[in-house]
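Structural overview for review
One letter stands for each residue in the lines below.
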Amino acid sequence: MRLVIDTNILFSFFRKDSTTRNLISRFEIFELFAPSFCIEELLKYKQLICKKAGISEETFKKVLEELTIFVKIVPLNEYSKFLPKAKSICPDPDDIDFFALALKLNCPIWSNDTKLKKQSAIKVFSTRELMKLLL
């Protein structure tokens, strides 16, 4: 299953025993994609992520490298032509890139942000919904 993965999901990957980390790293049924700015966001919030996940900056770097094994990072130029349509359907201006990438790939989004479900153009799965699909 192809999915565009939201940054809020990627944050959870840094917690060693999180459900999200298990889903991403153990289930080959997922083909995951994220806009390239997600890496910048993760780096921007590195201190907070380290604190919440209880990890060192060195561990953060290792986990970030591991994350890029499971998630294909897509540069803006590969989905930019979908931004106008994404802007018209996305309920949150901060998430337009995720919608544009989902439009390009013709796939759902994995996000726990309930605001994103306030549209009908693109399916949005929460972690809980993906767990149910796997069971």
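Everything in this summary refers to the structure shown in the same document. (Residues numbered from 1 in each chain as written. Predicted model: local features only at pLDDT ≥ 70, side-chain atom pairs only at ≥ 80, totals over all residues. Heavy atoms only, no water.)

**Side note on the overall build of the protein chain**
To keep it simple, the criterion reads: Secondary structure elements are taken from DSSP: a helix is a run of H or I of four residues or more, a strand is a run of E of two residues or more, and numbering for both begins at the N terminus. Our radius of gyration looks at C-alpha atoms and nothing else; its globule reference is 2.2 Å times the residue count to the power 0.38. Only protein chains enter the area calculation, which uses a 1.4 Å probe; residues under 20% of their type maximum are buried, those over 50% are exposed, and those in between are partly exposed. Note on contacts: a residue pair qualifies if any of its non-hydrogen atoms lie within 4.5 Å across the two residues. Accessibility throughout is a Shrake-Rupley quantity obtained with a 1.4 Å probe, and a residue counts as covered only by protein chains that appear here.
When its secondary structure is counted, the protein chain shows 8 helices and 5 strands. Secondary structure of the protein chain in N-to-C order comes out as β-α-α-β-α-α-α-β-α-α-β-β-α. Computed over C-alpha atoms, the radius of gyration of the protein chain comes to 14 Å, within 12% of the 14 Å expected from 2.2 N^0.38 for 135 residues, which places it in the range of a compact globule. On the principal axes, the C-alpha backbone points of the protein chain span a range of 40 × 35 × 25 Å. Each of the 135 residues in the protein chain was classed as buried or not, and the buried ones make up 47%. Here the contacts in the protein chain between residues at least 6 apart in sequence split such that 62% fall between residues at least 24 apart. When the accessible surface of the protein chain is split by element, carbon and sulfur atoms take 51% of a total near 7,700 Å².

**Digging into the side chain of Ser126**
Inspection of the secondary structure puts Ser126 in the loop between strand E5 (124-125) and helix H8 (127-134). The exposure class assigned to Ser126 is buried, which follows from its relative accessible area of 15%. Each residue touching Ser126, except ones within four places of it in the same chain, is listed here: Trp110, Ser111, Asn112 and Lys117.

**Focus: the nonpolar core**
The condition that has to hold: Only buried residues count toward a nonpolar core, which is a set of Ala, Val, Leu, Ile, Met, Phe, Trp, Tyr and Cys residues joined through side-chain atoms within 4.5 Å.
Core analysis: the biggest nonpolar cluster contains 47 residues, and Ile5, Phe14, Leu42 and Trp110 have the highest contact counts within it. The biggest single contributor to this core is helix H7 (residues 96-105), with 8 residues. If we ignore the near neighbours within four places in the chain, the residues touching Phe14 are Arg21, Leu42, Ile49, Ala53, Ile55, Phe60, Val63 and Leu64.

**Details of the sheet that holds strand E3 (residues 71-74)**
Whether parallel or antiparallel, the strands of a sheet pair through hydrogen bonds between backbone atoms. Basically, it comes down to this: DSSP bridges decide pairing: two strands pair if at least two such bridges lie between them.
Read across the open sheet, the 5 strands follow the order E3-E2-E1-E4-E5; overall the sheet is parallel. Every other strand in the sheet has two partners, leaving E3 and E5 as the edge strands with one partner each. Of the strand pairs in this sheet, strand E1 (residues 2-5) and strand E4 (residues 109-110) are connected by 2 bridges, and their pairing is parallel. Looking at the pairing, Val4 lines up with Ile109 of E4.

**Side note on the packing of helix H3 (residues 37-44) against helix H5 (residues 57-70)**
What counts is decided by this rule: Inter-axis angles, ranging from 0 to 180 degrees, are taken between N-to-C directions of lines fitted to C-alpha atoms, where helices are fitted over the stretch in contact. Should an angle fall under 35 degrees it is taken as roughly parallel, and over 145 as roughly antiparallel, whereas 65 to 115 is taken as roughly perpendicular and any remaining angle as oblique. Here is the rule for handedness: rotate from the far helix to the near one, and if that takes an anticlockwise turn smaller than a right angle the crossing is left-handed, while a clockwise turn gives right-handed.
Interhelical geometry of H3 versus H5 gives an angle of 165° and a closest axis separation of 12 Å. When the interaxial angle is binned, H3 and H5 end up roughly antiparallel. In the crossing of H3 with H5, the sense of the turn from one axis to the other is right-handed. Only Phe60, Leu64, Leu67 and Thr68 of H5 make contact with H3, whose side of the interface consists of Ile39, Leu42 and Leu43.

**Looking at the state of the cysteines**
Under the convention used in this document: Any two cysteine sulfur atoms lying within 2.5 Å of each other are counted as a disulfide.
Taken as a whole and judged by the stated rule, the model has 0 disulfides. Looking at Cys38, it has no disulfide partner, and the nearest cysteine sulfur is the one in Cys90, 13 Å off. The closest cysteine sulfur to the non-disulfide-bonded Cys107 is located on Cys38, 13 Å from its own sulfur.

**Observations concerning helix H2 (residues 19-26)**
Stated formally: In this description, one arc is meant: the one made by directions from the helix axis to the C-beta atoms.
Along H2, the residues classified as buried are Thr20, Arg21, Leu23 and Ile24. Angular distribution of buried residues about the axis of H2 spans 165°; they occupy a single face of the element.

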